[in-house]
Amino acid sequence: MISLTSPVRTRAHDWPAGVKLGLLAGATFGLFMLSDLRLQTLAALAMLGLYALPGKRFFLSGMERLRVLWPFVAILALWHGLTATYGEGAQFILRLLTTVGLANLVTMTTALSEMIAVFRWLATPLRRLGLNTRVIELAIALVIRLLPTLITNGQRLTDAWRARSRRRPGWRVVVPFTLLALDDADHLADALRARGGILETKEKP
């Protein structure tokens, strides 16, 4: 498991996590309200500008993480090309790239512990009702941290297949990928049990 926070220090690293998440929610809502392709394009360019501000290293790192979106972009482009809904397709693709790009910016400039702290604060009413939110907090942290590992495993399996066969991997890597994911989950469960587990009898608000 690895941290998604960028090692390149930016001014946004010092902003409160709650402020960044609130801005992200507002920006996402605004993007879904936009129906003008020109405004969507400007929003996408502004997102790219935010990546470029901290410098080349930060920009390239951010673009590398967004590379996983290309299959979704390809599917959207193909579908809207076949249905001749080019304008609508362009809006969907730009909205996808911009919203995920902004979310990735927040992730790159916010420590995972800070994001969990925001959720913990939001979940205060649930704890007052006697619910244990520690499990949810841990689940969020594990999902965020394990996603890059799963993506890397999938890429390695695909590369290994291509090195041994000229046929496209497609569904053929699904089973080994699933087995790898289950194996990682098993090791993670063992590590959690070795540290006493995650359940508590009662959590104080």
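In case you missed it, the structure is sitting above this.
Being a predicted model, the structure only gives us computed values, none of them experimental.

(A) Here's a closer look at the pattern of salt bridges. Within the structure shown, the criterion is met by 3 salt bridges. For D36, the salt bridge identified is with R38, shortest N-O distance 3.1 Å. Classification of R38 by relative accessible area gives exposed; the value is 65%.

(B) Spotlight on the packing of helix α6 (residues 112–122) against helix α8 (residues 134–164). At a closest axis distance of 10 Å, the pairing of α6 and α8 adopts a crossing angle of 145 degrees. With respect to the hand of their crossing, α6 and α8 are arranged in right-handed fashion. Contacts from L112, M115, I116, F119 and R120 of α6 reach α8 at I136, E137, I140, A141, I144 and R145. Each residue belonging to the contact of α6 with α8 can be placed in one class, and the counts come to 8 nonpolar, no polar and 3 charged.

(C) Broad picture of the packing of aromatic side chains. A complete count under the given rule lists 1 aromatic pair for this structure. The side chain of R95 reaches across the aromatic face of F32, ending 5.2 Å from its centre. The cationic tip of R95 hangs over the ring face of F92; the distance from NZ or CZ to the ring centre is 5.8 Å.

(D) A look at the layout of surface pockets. The calculated volume of the largest pocket comes to roughly 1700 Å³. Every residue lining the largest pocket is counted, 42 residues in all, and those nearest its centre are R65, V68, L69, L147 and I151. Put simply, the parts of the chain that give the lining of the largest pocket at least two residues each are α1 (17–33), α3 (56–66), α4 (70–82), α5 (86–108), α6, α8 and α9 (174–194). Take the lining of the largest pocket: its biggest share by element is 12 residues, from α8. Residue composition of the lining of the largest pocket, grouped by class: 29 nonpolar, 8 polar and 5 charged. There is about 440 Å³ of room inside the second largest pocket. Lining the second largest pocket are 16 residues, and of these A12, W15, L50, L105 and T109 lie nearest its centre. Secondary-structure elements contributing two or more residues to the lining of the second largest pocket are α1 and α5. Residue contributions to the lining of the second largest pocket peak at 4 residues, all from α1. Grouping the amino acids of the lining of the second largest pocket by side-chain chemistry returns 12 nonpolar, 2 polar and 2 charged.

Scoring rules and cut-offs
- Residues numbered from 1 in each chain as written.
- Predicted model: local features only at pLDDT ≥ 70, side-chain atom pairs only at ≥ 80, totals over all residues.
- Heavy atoms only, no water.
- Salt bridge = Lys/Arg side-chain N within 4 Å of Asp/Glu carboxyl O.
- Buried < 20%, exposed > 50% of the residue type's maximum accessible area, 1.4 Å probe, protein only.
- Axes fitted to C-alpha atoms, helices over the stretch in contact; angles between N-to-C directions.
- Helix = DSSP H or I, 4+ residues; strand = E, 2+ residues; numbered from the N terminus.
- Left-handed = near helix turned anticlockwise from the far one by under 90°.
- Contact = heavy atoms within 4.5 Å.
- Nonpolar A, V, L, I, M, F, W, Y, C, P; charged D, E, K, R; others polar.
- Phe/Tyr/Trp six-rings, centres within 6.5 Å; stacked < 30°, edge-to-face > 60°.
- Lys NZ or Arg CZ within 6 Å of the ring centre and 35° of its normal.
- 1 Å grid on protein atoms, 1.4 Å probe; cavity = no way out; pocket = protein on both sides within 12 Å on 5 of 7 lines; lining within 4 Å.
- Points joined across faces, edges and corners; volume = space filled by probe spheres on them.

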